[in-house]
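Observations on the three-dimensional arrangement
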Amino acid sequence: TGDTSYPFADTYYETEAETEQSTQIASIESKKGSVFSISAGSKKLTIKFKKVSVSGKTVKYQVALKQSTAKSWKKSYVSSTKKTFSGLKKGKTYWVSVRPYITVDGSEYFGQWSKTLAKKVK
């Protein structure tokens, strides 16, 4: 008698904001980047890609570029759907891929990489 303990473990309920965040994270992780245009100029490449949307969040993009002889990818972060890489080597082939991402509470969550496309610089 006099036992005031609650017989069940504390239950955690997600707030509406936390539910929305987890929905946004799941949404971006299922999205795939899509490059629809690569144009080569004099020592530069311009990449255009399709816009991705996630409810309530600004989607940014990570663009990766790799030269045929390079060991690693050069990554660039942009908030538009177009990126120009300049100062490239004439006559060399470069590979390009893009993926969307969002930032939630200081952490970045990424979508899937697009198909890798190649283009030779003029």
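So, a few notes on the structure that sits alongside this text.

Calculation notes
Residues numbered from 1 in each chain as written. Predicted model: local features only at pLDDT ≥ 70, side-chain atom pairs only at ≥ 80, totals over all residues. Heavy atoms only, no water. Helix = DSSP H or I, 4+ residues; strand = E, 2+ residues; numbered from the N terminus. Buried < 20%, exposed > 50% of the residue type's maximum accessible area, 1.4 Å probe, protein only. Contact = heavy atoms within 4.5 Å. Core = buried A, V, L, I, M, F, W, Y, C linked by side-chain atoms within 4.5 Å. Phe/Tyr/Trp six-rings, centres within 6.5 Å; stacked < 30°, edge-to-face > 60°. Lys NZ or Arg CZ within 6 Å of the ring centre and 35° of its normal.

1. Some remarks on the side chain of Gln67
Considering the arrangement of structural elements, one finds Gln67 in strand β3 (residues 60–67). A relative accessible area of 13% means that Gln67 is categorised as buried. Residues contacting Gln67, with those up to four places away along its chain left out, are Lys89, Lys92, Thr93, Tyr94 and Trp95.

2. A short note on the nonpolar core
In terms of nonpolar packing, the biggest core is built from 23 residues, with Leu45 and Ile47 touching the most fellow members. Among the secondary structure elements, those contributing two or more residues to this core are α1 (16–30), β1 (35–41), β2 (44–49), β3 and β6 (93–104). The element contributing the most residues to this core is β6, with five residues. Non-local contacts of Ile47, meaning those with residues more than four positions away in its chain, are made with Val35, Ser37, Ile38, Thr81, Lys82, Lys83, Phe85 and Val96.

3. Remarks on the packing of aromatic side chains
In the structure shown here, the tally under the stated rule is three aromatic pairs. Ring geometry for Tyr77 versus Tyr101: centroids 5.5 Å apart, planes at 90°, classification edge-to-face. Taken together, the residues Tyr77 in strand β4 (residues 74–78) and Tyr101 in strand β6 connect sequence positions 24 residues apart. Assessed through its relative accessible area of 43%, Tyr77 is described here as partly exposed. Residue class for Tyr101 comes out buried when judged on its relative accessible area of 5%. Taken together, Tyr77, Tyr101 and Phe110 form an aromatic cluster joined through their ring pairs. Across the ring face of Phe85, the terminal group of Lys83 is positioned such that the distance to the ring centre comes to 5.1 Å. The ring of Phe110 has Arg99 sitting right over it, with the charged end atom 3.9 Å from the ring centre.

4. Side note on unusual backbone geometry
The phi dihedral of Lys43 falls on the positive side, at around 60°, and the residue is not glycine. Secondary-structure assignment places Lys43 in the loop between β1 and β2. Its identity is not glycine, yet Asp105 carries a phi of approximately 50°, on the positive side. When you line up the elements, Asp105 lands in the loop between β6 and β7 (107–110). Under the relative-accessibility criterion, Asp105 is labelled exposed at 67%.

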